[in-house]
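# Understanding the architecture of this molecule
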Amino acid sequence: MSQELKKYWKNYIGGNWVDGVNGDRISIENPATGLQIAEIARATQEDIDLAVTAARTCFNSRVLYNMRPTNRGALMFEIARHMTEMADEIALAECLDNGKTLTGGKNEALAAARYFTYYGGLADKLEGRMIPLGSDYLDYTIPSPFGVSAQIVPWNFPLQIAARSVACALATANTVVLKSPELSPLSTYFIAEACHRAGVPAGAVNIVSGYGHDCGASLVSHPDIDHIVFTGSLKTGQSILHAAAERVLPCIMELGGKSAGIVFPDANIDQAINSTASGIFTHAGQVCSAQSRLIVPASLRDQIVEKLAQKAAGLTIGAGIDGHDITPVISGQQAEKIDAMCKEAIQDGAEAVTGGGRIEEMNGHFIKPTIFSNVTPSMTIAQEEVFGPVLSVLTYDDPEEAIAIANGTDYGLCAGLYTKDLSTAHWAADRLVAGQIFVNEWFAGGIETPFGGTKRSGYGREKGQEALLNYVQTKNVGIRITDGGGGRPGG
Ligand code: NAD
């Protein structure tokens, strides 16, 4: 791939770069300008059939499974090496089709490479166990791959999210058909390129892009897939779960969030402000784990809100490629949705201390960094995911109330708290209902730490060693090793 962004991107099926069967293309725009930057081949049901067949053929050949796991790991290190070599190209693609800064894009590329080294290093460490049944038997378990893993990723961090799921699948000898998000698909194609260059067997990893309602729906309802990994919105997750129920398919569901941070009275307020700003303004708030609510003692509200507003006022707004702090949201449709939610919040009685909607005078899809005060727990803005740079500040009088407000949404992806007191930290962490708890730093964690939701934020875990367990099923082998067996009546 050259440093110039390619104008046309093909799907990767069975080890080949191919056009869509029906020849259609999807136009990809730069969210900072609203202008087309590239086209991709549009995959529909026929392309999904080809991709699933390629993945099935590869899985049935046992080429990945028969490989010594340490060699599978080494192959994944090669994928990581190629991803790292292409990091600048990836950064440009991520910057232009997703709106990130070049630094943000490069971090994505390096994180994606790290997923392949992390899980490549674990490929030979996933062990079964031997179960003692007395001297007549040898009994052991095998962590077995499911088969063809169908994976669907969202547009906000397409590369990292694709990498974490593909890497787990390869480490455990599953094969993959991954559907990229139609709004920002380009960076995921570098996974295909890296697999190709590394010599990953044809059909082990297939990457296509298309619209959710046809390409995505065809993939998750395909009769020859064995496993679904979905990262995206609650609504789409629910529809995929219906399709999965038909065939009783195992799923990993990584859905949305409405995560809250609680400031305790003893907190380092500046630390809480800086962490909150990073928690809600990173990638213009288009982060599933964004800190979209801040719950503060009523007596500290004015001080905290004022400092947050000052922080927001210091942020620059513009295209990621120019290194701005607040970059565009992904599409005009998303900008309109966020703008409407801000207007509704104001109608409901929230006070826009700063920001409060779309920036009409800019060409791309930009939202002002927004801080709402006077928010009450039942308001829509306090209950529903905005997926934009919009923070709701709520107040509490006693700590139990703060916990109740934090837990009082349908979601349970992340939660956080700010305190200098270890007992308070442990007390609150124990009561907050979420898959991950951040103390004194939003986003504390990494590739090594398990990530996932509770309640309607989903189930299953990605990242960390725990993720691998979602990509295998336990097979138990019981062997009678002495004469005299022949079955146990009634057993
Ligand atoms: P989305 O649900 O609209 O789309 C996600 C993917 O699903 C896209 O590739 C889309 O094409 C596909 N899709 C849409 N309809 C489909 C259907 N009927 N069948 C199959 N596939 C279909 O979500 P989005 O707007 O792309 O992403 C934002 C959402 O993702 C937010 O809710 C965010 O919180 C969530 N998210 C969660 C995590 C996590 O790890 N928990 C990470 C990132 C984003």
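None of these values were measured; they are calculated from a predicted model.

### Remarks on the overall build of the protein
- Looking only at helices and strands, one finds 15 helices and 22 strands in the protein.
- For 491 residues, the compact-globule estimate of 2.2 N^0.38 gives 23 Å, and the C-alpha radius of gyration of the protein, at 24 Å, lies within 12% of that figure.
- Based on the C-alpha atoms only, the size of the protein along its principal axes is roughly 80 × 55 × 40 Å.
- Residue burial in the protein is summarised as follows: out of 491 residues, 56% are buried.

### Describing the environment of Asp-421
- By secondary structure assignment, the location of Asp-421 is in the loop between β18 (414-418) and α15 (422-431).
- We classify Asp-421 as partly exposed; its relative accessible area is 33%.
- Residues Asp-421 and Phe-264 lie 157 residues apart in sequence; the distance between their C-alpha atoms is 9.3 Å.
- Among the polar contacts made by the side chain of Asp-421, one reaches the side chain of Thr-424 at a distance of 2.8 Å.

### Details of the pairing of strand β12 (residues 259-263)
- The buried fraction of β12 is high, at five of five residues.
- Every second residue of β12 is oriented toward a common face, with Ser-259, Gly-261 and Val-263 on one face and Ala-260 and Ile-262 on the other, all of them buried.
- Across four bridges, β12 lies against strand β13 (residues 291-297) in parallel orientation. Each bridged residue has a counterpart across the sheet, and for Ile-262 the counterpart in β13 is Ile-295.
- At this point the chain moves from β12, through helix α10 (residues 269-281), to the parallel β13, and the crossover so formed is right-handed.
- Note that β12 and β18 share four bridges and pair parallel. Following the sheet pairing, Ala-260 is matched in β18 by Ala-415.

### Brief notes about α10
- In this model α10 runs 18 Å from its N-terminal to its C-terminal C-alpha over 13 residues, within 8% of the 18 Å that 1.5 Å per residue would give.
- For α10, the full list of buried residues reads Ile-269, Ala-272, Ile-273, Ser-275, Thr-276, Ala-277, Gly-279, Ile-280 and Phe-281.
- Buried-residue contacts for α10 involve β12, β13, α11 (301-313), β15 (370-373), β16 (390-396) and β18.
- Measuring from the side-chain oxygen of the N-cap residue of α10 to the backbone nitrogen of Asp-270 gives 3.1 Å; that N-cap residue is Asn-268.

### Points about the domain arrangement of the protein
- For the protein, the assigned domains are domain 1 (8-255 + 457-475) and domain 2 (259-439).
- In this assembly, 23 residues from domain 1 lie in contact with 23 residues from domain 2.
- Interface area for domain 1 against domain 2, summed over the two sides, is near 1,800 Å², with a carbon-plus-sulfur share of 67%.
- Three residues, Pro-31, Trp-155 and Ser-457, lead the burial of domain 1 against domain 2; their summed loss comes to 29% of the area buried on that side.
- Linking domain 1 with domain 2 are zero salt bridges, by the criterion used here.

### Comments concerning the nonpolar core
- Counting residues in hydrophobic clusters, the biggest one holds 90 residues, and the most contacted among them are Phe-116, Tyr-119 and Ile-191.
- A total of 10 residues in this core trace back to one element, the largest contributor, which is helix α6 (residues 158-171).
- Inspection of this core shows a minimum of three residues originating in each of domain 1 (8-255 + 457-475) and domain 2 (259-439).
- Beyond its immediate chain neighbours, meaning those up to four positions away, Tyr-119 contacts Met-76, Arg-164, Ala-167, Cys-168, Ala-171, Lys-463, Gly-464, Ala-467 and Leu-468.

### Here's the deal with the environment of Thr-276
- Mapped onto the elements of the fold, Thr-276 is located in helix α10.
- A relative accessible area of 0% places Thr-276 in the buried class.
- Between the alpha carbons of Thr-276 and Asn-440 there is a distance of 9.6 Å; along the sequence they are 164 residues apart.
- Once residues lying within four places of it in the same chain are set aside, the contact partners of Thr-276 are Gln-291, Leu-294, Leu-308, Leu-391 and Tyr-418.

### Some details on the site of the ligand
- Taken together, 28 residues sit near the ligand, with Val-153, Glu-182, Ser-233, Thr-236 and Glu-385 positioned nearest.
- One nitrogen or oxygen atom from the side chain of Arg-164 is found 2.9 Å from an oxygen atom belonging to the ligand.
- One nitrogen or oxygen atom from the main chain of Ala-217 is found 3.5 Å from a nitrogen atom belonging to the ligand.
- If the ligand stood free it would expose 850 Å²; the protein chains cover 88% of that surface.
- Domain assignment of the residues forming the shell around the ligand places at least three in each of domain 1 (8-255 + 457-475) and domain 2 (259-439).

### Points about the sheet that holds strand β14 (residues 351-354)
- Taken in spatial order, the seven strands of this open sheet run β14-β15-β16-β13-β12-β18-β19, and their pairing is mixed. Each edge of the sheet is formed by a strand with only one pairing partner; in this case those strands are β14 and β19 (436-439). Sheet twist, expressed as the average angle between the axes of neighbouring strands with direction ignored, equals 25 degrees.
- Sheet analysis places β15 next to β16, joined by three bridges and oriented parallel. Bridging across to β16, Thr-370 finds its partner in Val-390.

### A closer look at the pattern of salt bridges
- Throughout the structure, instances matching the rule amount to 21 salt bridges.
- Residues Lys-106 and Asp-88 are paired through a salt bridge, measuring 3.1 Å at the closest nitrogen-oxygen approach. Taken together, the residues Lys-106 in helix α5 (residues 102-122) and Asp-88 in helix α4 (residues 87-98) connect sequence positions 18 residues apart.
- Among the residues examined, Lys-106 registers a relative accessible area of 32% and is labelled partly exposed.

Rules used throughout
Just so you know, the residues in each chain are numbered from 1, in the order the chain's sequence is written. Totals for whole chains, interfaces and linings use every residue, but because this is a predicted model, local features are given only for residues with pLDDT of at least 70 and side-chain atom pairs only at 80 or more, for both listing and counting. Side-chain figures throughout are based on the complete set of non-hydrogen atoms in the structure, without hydrogens or water. The numbering of helices and of strands both runs from the N terminus, where a helix is a DSSP run of H or I of at least 4 residues and a strand a run of E of at least 2. Every radius of gyration here is taken over C-alpha atoms, with the globule rule written as 2.2 Å times N^0.38, N being the number of residues. Each residue gets one of three labels from its accessible area relative to the maximum for its type: buried under 20%, exposed over 50%, partly exposed in between, using a 1.4 Å probe on protein chains only. Nitrogen and oxygen atoms within 3.5 Å of one another constitute a polar contact, given that in protein one can donate a hydrogen and the other can accept it, and given that sequence-neighbouring residues count only through two side-chain atoms. The pairing criterion for strands is at least two bridges between them, as found by DSSP. For crossovers, right-handed means that the path from the first strand over the helix to the second runs clockwise, given strands pointing away from the viewer. Helix span, as expected, comes to 1.5 Å for every residue beyond the first. When checking whether two residues touch, look at their non-hydrogen atoms; a contact exists if any pair is within 4.5 Å. Either an automatic procedure or a domain database provided the assignment from which the domain bounds are taken. Summed over both partners, the accessible area lost on bringing two parts together, with a 1.4 Å probe, is the buried area. The salt bridge definition used is simple: a Lys or Arg side-chain nitrogen within 4 Å of an Asp or Glu carboxyl oxygen. Among the buried residues, those of types Ala, Val, Leu, Ile, Met, Phe, Trp, Tyr and Cys that are joined through side-chain atoms within 4.5 Å form a nonpolar core. Summary of the distance rule: residues count as near a molecule or strand when at least one heavy atom falls within 4 Å of that molecule or strand. Using a 1.4 Å probe, accessible areas were evaluated by the Shrake-Rupley method; residue-level cover was limited to the displayed protein chains. Note on geometry: axes are C-alpha line fits, over the in-contact stretch for helices, and angles between N-to-C directions span 0 to 180 degrees.

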